[in-house]
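Single-letter residue listing:
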Amino acid sequence: MRLIGKLAIGTLIGTTLTLAAGVDASAQEKQITLGFSQVGAESAWRTADTVSVKTAAKDAGINLKFSDAQQKQENQIKAIRSFIAQKVNVIAFSPVVESGWEPVLAEAKAAHIPVILTDRAVDVKDTSLYVTVIGSDFVEEGRRAGRWLEERYKNDAGPVNIVELQGTVGSAPANDRHAGLIEVIKSDPKFKIIASQSGDFTLAGGKQVMEAFAKTYGKQINVVYSHNDDMTLGAIQAMEEAGIKPGKDVSVVSFDATKGGFQAMVAGKINVDVECSPLLGPQLMAAVKDVVAGKQVPKRIVTNETVFPMNVAAQILPTRKY
Ligand code: AHR
């Protein structure tokens, strides 16, 4: 009896161990591997986006292979090819520019690896090359800024001379924030974009471009329309060095609504900040899981965003998450 009892217990333990090992093995087999190619680390926005993606992957139990492209398309293409070679389950990336993606996306499709675009879109004829785009509506952001300008200058005969600090040349937010502004102001000839140049979404770039604008156009400038907060903070430094009071002598319109942007609004140096949320990680991980599970995912997932004028900045600043 005792021997039988021992055997029974031994068998039970053995079975339990085998079952546990089996569960572990299948859990491991099921862990999703996501290859993610990030644009770079050009801005506070980007840093917050990277943190959001990494944290959300960890929380979702997704194995993340993260690659920083240092704002170069060729690095993103290399990273995507490497993810294909590693046979990841899903590839996600924030494309540095809009064009030139067909060949590498066709390679991912041929390898049956779904691609999710996050933050920025690509310009391809065959939209089956990607599953979905998760991120902001940059054209609408530009329109929102344009409407703010219309309201601000509604009783002003003009001319309203705008200098534009553009983001990275060929990127979706640079193209679209420009297009959205034009769409709104084109019907009113008093608005004139007198100069437009790229500061590559960086503080140093914004400062350099604004120094040149201040030298060339000086007091003619009524509005600085800057495609992100980092460039705006650089432009503020350049204006102050040139004896121009940002927020007073000129209206400063910015994008992102980062803590740095809010602090500048509280200091009276940015007049309006159009929100663009970098906290895309949780939505991305949910979409990755759905795609792997074979569920239908909407082709476009637009982030919910708003506009913050300077007068609400002090009250809202403590609640900002990035
Ligand atoms: O694609 C989003 C843009 O890229 C943000 O406005 C900017 O700060 C970032 O670098």
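It should be noted that the structure appears before, not after, this text.
Below: a short report on this structure. These figures come from a predicted structure and were not determined experimentally.

Criteria and cut-off values
- Just so you know, the residues in each chain are numbered from 1, in the order the chain's sequence is written.
- Where local features are concerned, this predicted model is filtered to residues with pLDDT of at least 70; where side-chain atom pairs are given and counted, the filter is 80 or more; whole-chain, interface and lining totals use all residues.
- Side-chain measures were taken over the full set of non-hydrogen atoms in the model, leaving aside hydrogen atoms and water.
- A single heavy atom is enough: if one lies within 4 Å of a molecule or strand, its residue is considered near that molecule or strand.
- Polar contact is defined as a pair of N or O atoms within 3.5 Å, subject to the rule that within protein one atom must be able to donate a hydrogen and the other to accept it, and that residues adjacent in sequence are counted only when both atoms are side-chain atoms.
- To be clear on the numbers: accessible area is Shrake-Rupley with a 1.4 Å probe, and residue cover counts the displayed protein chains and nothing else.
- Per the convention used, a helix needs a DSSP run of H or I reaching at least four residues, while a strand needs a run of E reaching at least two, with both numbered from the N terminus.
- Polarity classes work like this: nonpolar for Ala, Val, Leu, Ile, Met, Phe, Trp, Tyr, Cys and Pro, charged for Asp, Glu, Lys and Arg, and polar for all others, with Gly in that last group.
- In the sections that follow, a salt bridge refers to a side-chain nitrogen of Lys or Arg positioned within 4 Å of a carboxyl oxygen of Asp or Glu.
- Burial status follows relative accessibility: with a 1.4 Å probe on protein chains alone, a residue under 20% of its type maximum counts as buried, one over 50% as exposed, and anything between as partly exposed.
- With axes taken as lines fitted to C-alpha atoms, and helix axes fitted only over the stretch in contact, angles between N-to-C directions fall between 0 and 180 degrees.
- Comment on the angle field: the value is read as roughly parallel under 35 degrees, roughly antiparallel over 145, roughly perpendicular from 65 to 115, and oblique elsewhere.
- Two helices that cross are described as forming a left-handed crossing if the nearer one is turned anticlockwise from the farther one by less than a right angle, and a right-handed crossing if clockwise.
- The criterion used for residue contact is that any of the two residues' heavy atoms lie within 4.5 Å.

### Quick look at the site of the ligand
Here comes step 1: The immediate surroundings of the ligand are formed by E42, S43, W45, R46, D119, R120, F138, P173, R177, F201, N228 and D256.
Here comes step 2: Between the ligand and the protein, one listed contact pairs an oxygen atom with a side-chain N or O atom of D256 at 2.6 Å.
Here comes step 3: If the ligand stood free it would expose 290 Å²; the protein chains cover 100% of that surface.
Here comes step 4: Those elements that place two or more of their residues in the shell around the ligand are α2 (44-60) and α6 (172-185).
Here comes step 5: Of the residues that constitute the shell around the ligand, the class distribution is four nonpolar, two polar and six charged.

### As for the pattern of salt bridges
Here comes step 1: Under the definition given, this model contains 18 salt bridges.
Here comes step 2: E140 serves as the salt-bridge partner of R147, at 3.2 Å between the closest nitrogen and oxygen.
Here comes step 3: On the accessibility criterion, R147 (38% relative accessible area) is partly exposed.
Here comes step 4: Salt bridges sharing common partners tie together E42, R46, D49, D119 and R120.

### Regarding unusual backbone geometry
Here comes step 1: Of the consecutive residues G158 and P159, the connecting peptide bond is found in the cis state with omega at 0°.
Here comes step 2: Tracing the backbone shows P159 in the loop between α5 (138-152) and β6 (160-166).
Here comes step 3: The phi dihedral of Q71 falls on the positive side, at around 60°, and the residue is not glycine.
Here comes step 4: If you trace the backbone, Q71 turns up in the loop between β2 (63-68) and α3 (73-85).
Here comes step 5: Owing to a relative accessible area of 22%, Q71 belongs among the partly exposed residues under this scheme.
Here comes step 6: Positive phi, normally seen in glycine, also occurs at H112, with a value near 60°.
Here comes step 7: Mapped onto the fold, H112 is located in the loop between α4 (102-110) and β4 (115-118).

### Here's the deal with the packing of helix α7 (residues 203-217) against helix α8 (residues 229-241)
Here comes step 1: Across the interface, α7 lies against α8 with an axial gap of 6 Å and an inter-helix angle of 40°. The angle between α7 and α8 places the two elements in the oblique class. As for how α7 packs across α8, the hand of that crossing is right-handed. Counting all contacts with α7, which are made through L203, G206, K207, M210 and E211, the residues of α8 involved are D230, M231, L233, G234, A235, Q237, A238, M239 and E241.
Here comes step 2: The residue inventory of the contact of α7 with α8, partitioned by class, reads seven nonpolar, three polar and four charged.

All we've got here are geometric facts, nothing functional implied.
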